[in-house]
Amino acid sequence: MQVRRLDITGAFEFAPKSFPDHRGLFVAPFQGTAFAEATGHPLTVAQTNHSVSARGVLRGVHFSDTPPGQAKYVYCPQGALLDVIVDVRVGSPTFGRWEAIRLDSTEYRAVYLAEGLGHAFIAQTDNTVMSYLCSTEYNPSAEHGINPLDPDLALPWADELDGEPVLSEKDRTAPSLAEATEQGLLPDYHACLAHYETLRTAARS
């Protein structure tokens, strides 16, 4: 398993080795030891999610109140998608920046985003499947979103589309990053860092 620390604190890319043969293929997209070595703590899995999207479906930008927040380890077992991590933590040196990584069922790369980071993706093929390992269960009162078409964020959807993306009404009417900042919806960077250190301290004890 190859691991790459992304420029946004708390975000990582994992590239597992696959083993094809005459029967098909075997791959382990999540490996606990590699994960813990990269992040300094194990991944607690409280819920797994599974989404299926048609080409052009855009989901996000989603994030949760932190702490406790909801960290996500995501990969694409079928199809292909462009995965985007957005730093929505107020006070972060990379606030408002994003990183995009292609996830697909050819290389089975995975992305981990720590609590407090925003997440979005757009499906590049029909019947694209996204699998999520989540650190906490879904809590609707703690879930928030940023409009993925916010021009100030300038997320890289245009190169993935022939026309308009397909969004839920909730995502389409979500506030911009500036509006969410004014409304006090966004996680605090230093509170997130303290939460990450709590996880690492618990792993060492």
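This text follows the structure it describes.
The rules we used
Residues numbered from 1 in each chain as written. Predicted model: local features only at pLDDT ≥ 70, side-chain atom pairs only at ≥ 80, totals over all residues. Heavy atoms only, no water. Helix = DSSP H or I, 4+ residues; strand = E, 2+ residues; numbered from the N terminus. Rg over C-alpha atoms; globule rule 2.2 N^0.38 Å. Buried < 20%, exposed > 50% of the residue type's maximum accessible area, 1.4 Å probe, protein only. Contact = heavy atoms within 4.5 Å. Areas by Shrake-Rupley, 256 points an atom, 1.4 Å probe, with all protein chains shown as cover. Lys, Arg positive; Asp, Glu negative; His and termini not counted. Charge placed at Lys NZ, Arg CZ, Asp CG, Glu CD. Phe/Tyr/Trp six-rings, centres within 6.5 Å; stacked < 30°, edge-to-face > 60°. Pairing = 2+ DSSP bridges. Axes fitted to C-alpha atoms, helices over the stretch in contact; angles between N-to-C directions. Salt bridge = Lys/Arg side-chain N within 4 Å of Asp/Glu carboxyl O.

**Q** Is there a simple way to think about the overall build of the protein chain in this case?
**A** Helix and strand counts for the protein chain come out as four helices and 13 strands. The C-alpha radius of gyration computed for the protein chain amounts to 17 Å, which stays within 12% of the reference 17 Å derived for 205 residues, consistent with globular compactness. Burial analysis of the protein chain (205 residues in total) assigns 51% to the buried set. Pairs at least 24 residues apart make up 79% of the contacts formed inside the protein chain by residues separated by at least 6 positions. In the form shown here, the protein chain has an accessible surface area of approximately 9,900 Å², with 50% of it arising from carbon and sulfur atoms. Looking at the protein chain, you have 15 positive and 26 negative side-chain charges, and the mean spots of the two groups are 7 Å apart.

**Q** Honestly, the packing of aromatic side chains in this entry has me stumped. Any pointers?
**A** What the rule picks out here adds up to eight aromatic pairs. Aromatic pair Phe 12 and Phe 14: ring centres 6.4 Å apart, planes at 40°, arrangement tilted. Both residues of the pair, Phe 12 and Phe 14, count as buried. Feature note: the residues Phe 12, Phe 14, Phe 30, Phe 35, Tyr 73 and Tyr 112 constitute an aromatic cluster, connected by ring pairs.

**Q** How do you make sense of the pairing of strand E2 (residues 11–15) when you look at a structure like this?
**A** Consecutive side chains of a regular strand alternate in pointing toward one face of the sheet and then the other. Where burial is concerned, most of E2 is hidden: five out of the five residues are buried. Of the two faces of E2, the one lined by Ala 11, Glu 13 and Ala 15 and the one lined by Phe 12 and Phe 14 are each fully buried. Bridging between strand E1 (residues 2–5) and E2 involves four bridges; their strand directions are antiparallel. Each bridged residue has a counterpart across the sheet, and for Gln 2 the counterpart in E2 is Ala 15. From the end of E1 to the start of E2, which pair antiparallel, there are five residues, and Gly 10 there has a positive phi angle of about 95°. Pairing analysis gives four bridges linking E2 to strand E10 (residues 110–113), with the strands arranged antiparallel. Along E10, the bridge assignment pairs Glu 13 with Val 111.

**Q** I keep staring at the sheet that holds strand E13 (residues 143–145) and nothing clicks. Help me out?
**A** The strands making up a sheet associate through backbone hydrogen bonding, with each pair oriented either parallel or antiparallel. Spatially, five strands are ordered E9-E8-E11-E6-E13 in an open sheet, and the strand pairing comes out antiparallel. Because the sheet does not close on itself, it has two edges, and the strands there are strand E9 (98–104) and E13. Each neighbouring strand pair of the sheet contributes to a mean axis angle of 25°, computed without reference to strand direction.

**Q** How should the pattern of salt bridges be read in this particular structure?
**A** Pairing between side chains of opposite charge can happen when the charged atoms of each approach one another. Under the counting rule described, the total for this entry stands at eight salt bridges. With its nearest N and O atoms 2.6 Å apart, the salt bridge here joins Asp 21 to Arg 23. Taking relative accessible area as the criterion, Arg 23 reaches 69% and is therefore assigned exposed. Of the charged contacts in the structure, one is a salt bridge between Glu 197 and Arg 204, with a shortest N-O distance of 3.0 Å.

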